[in-house]
Amino acid sequence: MEKQNLILAFESSCDETSVAVIRDGHEILSNVIATQINSHKRFGGVVPEVASRHHIEQVTICIEDAMTEAAVTYDDLDAVAVTYGPGLVGALLVGVNAAKTVAYAHHLPLIPVNHMAGHIYAARFVKPFEFPLMALLVSGGHTELVYMQADGQFEIIGETRDDAAGEAYDKIGRVLGVPYPAGKVIDEMAHKGNDTFKFPRAMIDEDNYDFSFSGLKSAFINTVHHADQIGETLDKNDLAASFQASVVDVLTSKTLRVLKQYPVKQLILAGGVAANHGLRERLQEVLPKEFPNTDLVLAPLKLCGDNGAMIGAAGYVQYQHQQFGDATLNADPSLEFDWMPNMPH
């Protein structure tokens, strides 16, 4: 029997501390996630210094829990993988240093993983990747279309020029009085309302693959403020539905446009906003009609948010390519994929 590969993977880029044990890059033996949402709720967003302190408190507990749940020892491990960016620098440093320490103490190779690559590889737990593929990556801080010609090759084809989709959700959530993080609640409200406000669909007809959500956010806030000033009460579910309809329209139309230009075998939906039911439903509805030969792979709901398992899956690919870091590895808060050659940006 061929020896199994076991990777201990760390994720601490924002407000989740997570440690996972992954077998052969696609099997979860454990995926322990300590979330800090309650600590950040009262601030209406993530406070970096608070996040870092939580990571420090949680990380050793998460390691123990992940190892115990997976029923493995350090001797069983083949490597340690860790998110080193993008994210909050103080938060990233906790995971990077924990991973470095484990790797050094147990003579294991260290694998530095791009957090956004991790999000894409969350879909690897559904089925093997077939190339070329396109990933629609939508999260709190990023909204981008990423083209992959092979494992570990990421090229940005289009991205947001201002707010990421998840960021827009959180900002309008404040106006609606929805606690942070707002995405899930707004998604639920949207399913009860109708698109009565017809908010703008920014850049939807422009001949590029970029997104913009700040205009939508402004239109939404202005609509609510105007109603407040004249004493009019607006239906919050309709507001949520109208906002979400605009986001989903823009994300879907740009994705369909890019697929005409870049025929792919798979379209992957990943990132925190990939848990949005409105977006999942729309892609499930339109993709088979427009591109019957492209297989839609939705990252599992429980792996859309930040987690160690996805870092282990991405790390496994790098392990096979012997892409290792060393003791000098540092956090890189603004780490980015390369742009596709010849793409304007």
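Predicted model, so just to flag it, every value in this text is computed and none were measured.

Colleague: I'm lost on the overall build of the chain in this one. Help?
Modeller: Looking only at helices and strands, the chain has 10 helices and 11 strands in total. The globule rule puts the C-alpha radius of gyration for 345 residues at 20 Å, and the 20 Å found for the chain is close to it. Counting over 345 residues, the chain shows a buried share of 57%. Counting only contacts in the chain whose residues sit at least 6 apart along the sequence, the fraction spanning at least 24 positions is 74%.

Colleague: Help me understand the UniProt feature "binding site: substrate" (unreviewed entry) in the chain in this model?
Modeller: Mapped onto the present numbering, the UniProt feature "binding site: substrate" (unreviewed entry) falls on Leu-137, Val-138, Ser-139, Gly-140, Gly-141, Asp-170, Gly-183, Asp-187 and Asn-276. Inspection of the secondary structure puts Leu-137 in strand 6 (residues 133–138). Contacts of Leu-137, omitting those with residues within four sequence positions, involve Met-116, His-119, Ile-120, His-142, Thr-143, Glu-144, Val-146, Ala-270, Gly-271 and Phe-337. Here Asn-276 is to be found in the loop between strand 9 (266–270) and helix 9 (277–290). Aside from chain neighbours lying at most four places away, what touches Asn-276 is Tyr-169, Asp-187 and Gln-244.

Colleague: Is there a simple way to think about the UniProt feature "binding site: Fe cation" (unreviewed entry) in the chain in this case?
Modeller: In the numbering adopted here, UniProt assigns the feature "binding site: Fe cation" (unreviewed entry) to His-115, His-119 and Asp-306. The greatest C-alpha distance among the residues just named is 8.6 Å, despite their covering 192 residues of sequence, which places them together in space. Assignment of secondary structure puts His-119 in helix 4 (residues 115–121). Looking at His-119, the relative accessible area reads 2%, which means it is buried. Look past the residues within four positions of His-119 in its chain and what remains in contact with it is Leu-137, Ala-270, Gly-271, Gly-272, Cys-304, Gly-305, Asp-306 and Met-310. One can find Asp-306 in the loop between strand 10 (295–298) and helix 10 (308–320). Residue class for Asp-306 comes out buried when judged on its relative accessible area of 13%. Look past the residues within four positions of Asp-306 in its chain and what remains in contact with it is Glu-11, Ser-13, Cys-14, Glu-16, Ile-33, His-115 and His-119. Engagement of the side chain of Asp-306 in a polar contact is seen with the side chain of His-115, the distance being 3.1 Å.

Cut-offs used in this document
Residues numbered from 1 in each chain as written. Predicted model: local features only at pLDDT ≥ 70, side-chain atom pairs only at ≥ 80, totals over all residues. Heavy atoms only, no water. Helix = DSSP H or I, 4+ residues; strand = E, 2+ residues; numbered from the N terminus. Rg over C-alpha atoms; globule rule 2.2 N^0.38 Å. Buried < 20%, exposed > 50% of the residue type's maximum accessible area, 1.4 Å probe, protein only. Contact = heavy atoms within 4.5 Å. UniProt positions renumbered as here; feature names shortened; annotations may be inferred. Polar contact = N/O pair within 3.5 Å; in protein donor to acceptor, adjacent residues only side chain to side chain.

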